[in-house]
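Listed below are the residues making up each chain.
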Amino acid sequence: MESTGNAWKTGVWRGWYWRFDLLTVVAVAVLECIAYYASGGRYSFFFTGELGTLIAVVLVVQRAKEKRSLNGLAVAAVSYLLGFLFQFTLGYAETHAVIAHGEERAFLLQNAMTFVVALLFAWLYGWTTDWSERRRAELAAQRAQKEAETRRAEGDERPRVRIHRKKKRRGRGRRPKS
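Residues numbered from 1 in each chain as written. Predicted model: local features only at pLDDT ≥ 70, side-chain atom pairs only at ≥ 80, totals over all residues. Heavy atoms only, no water.

K.L.:
Which residues make up the overall build of the protein chain, and what values do they have?
P.N.:
In terms of helices and strands, the protein chain carries six helices and zero strands. A total of 178 residues make up the protein chain; the buried ones form 26% of that total. Nonlocal contacts in the protein chain, meaning residues at least 24 apart in sequence, comprise 69% of its contacts between residues at least 6 apart. (Helix = DSSP H or I, 4+ residues; strand = E, 2+ residues; numbered from the N terminus. Buried < 20%, exposed > 50% of the residue type's maximum accessible area, 1.4 Å probe, protein only. Contact = heavy atoms within 4.5 Å.)

Right, dumping it as structure tokens:
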């Protein structure tokens, strides 16, 4: 029960950064709506949804420390599906015009392809970030081992460390004269 209570405080549950994921999706959705209404409908939800999904994935993958790919996939899916929902509700006039001209198949295919690309980007970006951190840690361990070997060869077992001592305080105010 404590782990669940702790998850509410930290926003992380078993590697899922649910609070940050949710806030990122909501922020992207709000920015999509602002861009759509500020432009007077010139920037459709399709294009702002693509950009918002990619930005959300980058933010989440950089923030998450574990399950990066899965957090990125979840954010990409929810963010894109929310943008798709906006296309059919808030941007209905534009979507209705496309469907009325008999281009609904091309419209749905374009949305499906963009959804697949967003999921692929989320997984690939998370995987490459994990790989990069593992590689960086391996190189740091190799460097540390090489430095330790050179110190042992020189005969210096411990690195020299400067010891800082705190100055003793002698009461409040000025030091007494002796």
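K.L.:
Before we move on, can you summarise a nonpolar patch on the surface with the specific residues and values?
P.N.:
On the surface, a nonpolar cluster with roughly 460 Å² of combined accessible area is contributed by Leu22, Val26, Val30, Leu31 and Ile34. Its location among the elements puts Val26 in helix α2 (residues 18-38). (Patch = residues over 30% accessible without salt bridge, like charges linked within 9 Å, V, L, I, M, F, W, Y side chains within 5 Å. Areas by Shrake-Rupley, 256 points an atom, 1.4 Å probe, with all protein chains shown as cover. Salt bridge = Lys/Arg side-chain N within 4 Å of Asp/Glu carboxyl O.)

K.L.:
Which residues make up the pattern of salt bridges, and what are the values?
P.N.:
Per the counting criterion, the structure on display carries one salt bridge. The residue Arg135 makes a salt bridge to Glu138 at a minimum N-O spacing of 3.6 Å. You can see Arg135 and its partner Glu138 sitting in helix α6 (residues 104-154), three residues apart, about one turn around the helix. For Arg135, a relative accessible area of 37% puts it in the partly exposed group.

K.L.:
Describe the packing of aromatic side chains, listing the residues and the values that go with them.
P.N.:
As enumerated under the stated definition, the model contains four aromatic pairs in all. Ring centres of Phe121 and Tyr125 lie 5.7 Å apart, and the angle between their planes is 10°; this geometry places the pair in the stacked category. Highlighted residues: Phe121 and Tyr125, both in helix α6, separated by four residues, approximately one helical turn. Classification of Phe121 as partly exposed rests on a relative accessible area of 29%. (Phe/Tyr/Trp six-rings, centres within 6.5 Å; stacked < 30°, edge-to-face > 60°.)

K.L.:
Lay out α2 with the relevant residues and their values.
P.N.:
Its 21 residues place the ends of α2 30 Å apart at the C-alpha level, agreeing with the 30 Å of an ideal helix rising 1.5 Å per residue. Regarding α2, the residues found buried are Asp21, Thr24, Val25, Val28, Ala29, Glu32, Cys33 and Tyr36. In the core, the buried residues of α2 are packed alongside α3 (45-63) and α4 (68-89). A positive backbone phi angle near 70° is found at Gly40, which sits one or two residues after α2. (Expected span 1.5 Å × (residues − 1).)

K.L.:
Hey, could you go over the confidence of the model for the protein chain for me, with residue numbers and the actual values?
P.N.:
Any region with low pLDDT has predicted coordinates that should not be read closely. Taken residue by residue, the protein chain gives an average pLDDT of 79. The fraction at 70 or more is 81%. Element-level mean pLDDT values for the protein chain span from 57 in helix α1 (residues 2-10) up to 88 in α6. (pLDDT = per-residue confidence, 0-100.)

K.L.:
If you had to explain the side chain of Ser69 to someone new, which residues and values would you point to?
P.N.:
Following the sequence through the fold, Ser69 ends up in helix α4. Assessed through its relative accessible area of 12%, Ser69 is described here as buried. In this structure the side chain of Ser69 is engaged in a polar contact, spanning 3.3 Å, whose partner is the backbone nitrogen of Trp127. If we skip the residues at most four places from it in the chain, Ser69 touches Ala122, Trp123, Gly126 and Trp127. (Polar contact = N/O pair within 3.5 Å; in protein donor to acceptor, adjacent residues only side chain to side chain.)

K.L.:
Any chance you could break down the packing of α3 against α4 for me, citing the residues and the numbers?
P.N.:
Close contact between α3 and α4 brings their axes to 9 Å; oriented N to C, the two are set at 160°. When the axes of α3 and α4 are compared, the pair comes out roughly antiparallel. As α3 runs across α4, the sense of the crossing is right-handed. Judged by residue contacts, Phe45, Phe46, Gly49, Gly52, Thr53, Ala56, Val57, Val60 and Val61 of α3 engage Arg68, Asn71, Gly72, Val75, Ala76, Ser79, Tyr80, Gly83, Phe86 and Gln87 from α4. (Axes fitted to C-alpha atoms, helices over the stretch in contact; angles between N-to-C directions. Parallel < 35°, antiparallel > 145°, perpendicular 65-115°, else oblique. Left-handed = near helix turned anticlockwise from the far one by under 90°.)

K.L.:
I'd like to hear about the layout of surface pockets, residue by residue, with values.
P.N.:
Quantified by volume, the largest pocket comes out at close to 160 Å³. Around the largest pocket, the lining residues are Thr24, Ala27, Val28, Leu31, Glu32, Ala35, Thr48, Leu51, Gly52, Ile55 and Leu59. Among the elements of the structure, α2 and α3 are those that each provide at least two residues to the lining of the largest pocket. Here the lining of the largest pocket takes six residues from α2, the largest share from any one element. Per-class residue counts for the lining of the largest pocket are seven nonpolar, three polar and one charged. (1 Å grid on protein atoms, 1.4 Å probe; cavity = no way out; pocket = protein on both sides within 12 Å on 5 of 7 lines; lining within 4 Å. Points joined across faces, edges and corners; volume = space filled by probe spheres on them. Nonpolar A, V, L, I, M, F, W, Y, C, P; charged D, E, K, R; others polar.)

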